[in-house]
Amino acid sequence: MVEMDKVIIIGAGPAGVSAALRLRKTNHITPVIYELREEPMTLLGGAIGIPSNGLRLLSRLGLYDAMASRGAQTPSVILHSTKGSIVGEMDMIGWSEKHTGFGYLRIKRTDVMEVLLEAAEKDNISISYGKRLERIEENDNGVTVFFSDGTIDTGDFLLGCDGVHSAVRTKYVDPSCVPEYSGISNIGSLVSTSMLPPPASKLENMNATLTEDGLLMLIPATAAHDSIYWFFSREVPLPDQGDTRDGWEERGKKEVDGMKSTLIGLLGDSHNEWVDMLKEVVSKTEVVKFYPNFKLPVGGRWSRGRVLIIGDAAHAMPPHASQGFSMALEDVFLFSNLLHSKNLTLDSAISIYETRRRRRIEEMLKTAETRGSVRKKTSPRRLRFNEFMLAGGLMIYNTFGLKNLGLGQKLLAYDIEEEKF
Ligand SMILES: Cc1cc2nc3c(=O)[nH]c(=O)nc-3n(C[C@H](O)[C@H](O)[C@H](O)COP(=O)(O)OP(=O)(O)OC[C@H]3O[C@@H](n4cnc5c(N)ncnc54)[C@H](O)[C@@H]3O)c2cc1C
């Protein structure tokens, strides 16, 4: 067993707080979290999907019930055409629920953070806000972090959980590893169903509408079905000024300003219950956010001495497989179990960690990238052809029981706690 008393965690997002909870509970290590923001909040809004592999780990952290009481269970994807007809339906959970005991939850990001932070408070986990990391130093006895306000802290180990633009990675672990823009961006918003026609509060599944320009999703986001989340995911070019903060701000403003006319234009002149509701959702949206999708190149360094980066800091991927949080949870559980395991030194624990996680992350990244293809621009003819092929494929899938084979769900049955070392 690797002996440690105190772990410093940089970043109070999903990875950082989950790591603190697990290390405290299972490894009896004292976690101390430092967060850049001035207060508990999340930069990213909207609602995230948590598939069964992540839900199973949340259950082991004792957080599943709290998450499930807030989020919406979404067992299927219903595929709609822009004319309003249903192209087909795909079960998202049958096979994985049978193998894991869990389905698929869509939950507001603010609810995820509230549940995590409430649990952290209950466990007396220290979180300091407004802390900007300046540098990291280590010696044989520990690792020391220096913040821009002049404060410092020392621990036995440091976990970098500070997201895709991680300072722990860029200042210490692997400065050469920089995020790459995937070519796809999302705009999206949460809308109260009280402002929408009655069918909006009865939505029970993920609803995807393929358009010539990208994918439009409409999903219930709360257990009470009083809020739905929509997003539109499509190819958006790099800003004219390149991959810079100003450039993305300008590109985001353009996307947000043109959002209503773009979407209403894509939905065309058709009028029926589905298309009218989509138009209503778009026109009732008041605040829309823009998220360019970045990923980190595979093969970057994840550790250096007493420092390990996990979650998006190590392996941010496009969100099309809804696996960001679940991958961070898997990181946390594997790291915790390795520390707990007899006969391992810290170096061997980290080496096993990296080998096992890289395999899994690369598989998941491939899945996410494959799912990105429906977000690409296409011609009206090609769109009709795709709908036709999907309708046929889904009919065969549902009629001949192919869903029982677990297509698209097999990666969700993986249980990180079954890894043996
Ligand atoms: C459009 C979009 C949709 C997504 N949909 C899903 C989905 O459906 N399901 C899913 O599982 N995932 C989804 N994701 C991915 C998911 O948001 C991330 O994988 C997840 O948030 C990663 O958690 P994290 O804690 O590693 O990083 P983050 O959530 O980025 O948290 C990092 C934390 O570190 C803090 N921080 C940053 N820099 C510093 C610093 N220098 N010092 C201290 N603190 C710092 C940040 O303020 C933040 O609180 C989506 C992402 C996007 C962009």
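Residues numbered from 1 in each chain as written. Predicted model: local features only at pLDDT ≥ 70, side-chain atom pairs only at ≥ 80, totals over all residues. Heavy atoms only, no water.

Caption draft 1: The arrangement of the environment of D257 in detail. Topologically, D257 is positioned in helix α7 (residues 245-257). Separated by 31 residues in sequence, D257 and V288 have C-alpha atoms that sit 9.2 Å apart. (Helix = DSSP H or I, 4+ residues; strand = E, 2+ residues; numbered from the N terminus.)

Caption draft 2: Just the site of the ligand, in detail. Around the ligand, 29 residues are found, and the nearest of them are E35, G49, R109, D312 and F325. Within the contact set of the ligand, an oxygen atom lies 3.3 Å away from a backbone nitrogen or oxygen of P14. Residue R109 places a side-chain N or O atom 2.7 Å away from an oxygen atom belonging to the ligand. Coverage of the ligand by the protein chains reaches 87% of its 990 Å² of free accessible surface. Going through the elements one at a time, α1 (14-27), β3 (47-50) and α11 (324-340) are the ones with two or more residues in the shell around the ligand. (Near = heavy atom within 4 Å. Polar contact = N/O pair within 3.5 Å; in protein donor to acceptor, adjacent residues only side chain to side chain. Areas by Shrake-Rupley, 256 points an atom, 1.4 Å probe, with all protein chains shown as cover.)

Caption draft 3: Looking closely at the sheet that holds strand β8 (residues 126-128). One open sheet holds the six strands; their spatial order is β8-β2-β1-β12-β19-β18, and the pairing between them is mixed. Every interior strand has two partners, whereas the edge strands, β8 and β18 (303-304), have only one. Bridge count for strand β1 (residues 6-10) against strand β2 (residues 30-34) is five bridges, and the pairing is parallel. By the bridge assignment for β2, I8 is matched with V32. (Pairing = 2+ DSSP bridges.)

Caption draft 4: Structural view of the packing of aromatic side chains. Taken as a whole and assessed by the stated rule, the structure comprises 10 aromatic pairs. Look at Y64 and F102: their rings are 5.0 Å apart centre to centre, the planes differ by 70°, and that puts the pair in the edge-to-face class. Highlighted residues: Y64 in helix α3 (residues 64-68) and F102 in the loop between α4 (94-100) and β7 (105-108), separated in sequence by 38 residues. Residues W248 and F294 carry aromatic rings whose centres are separated by 5.9 Å and whose planes lie at 75° to one another, so their mutual orientation is edge-to-face. Within this pair, whereas W248 is found in helix α7, its partner F294 is found in strand β17 (residues 289-295), the two being separated by 46 residues in sequence. There is no split in this pair, since W248 and F294 are both buried. (Phe/Tyr/Trp six-rings, centres within 6.5 Å; stacked < 30°, edge-to-face > 60°. Buried < 20%, exposed > 50% of the residue type's maximum accessible area, 1.4 Å probe, protein only.)

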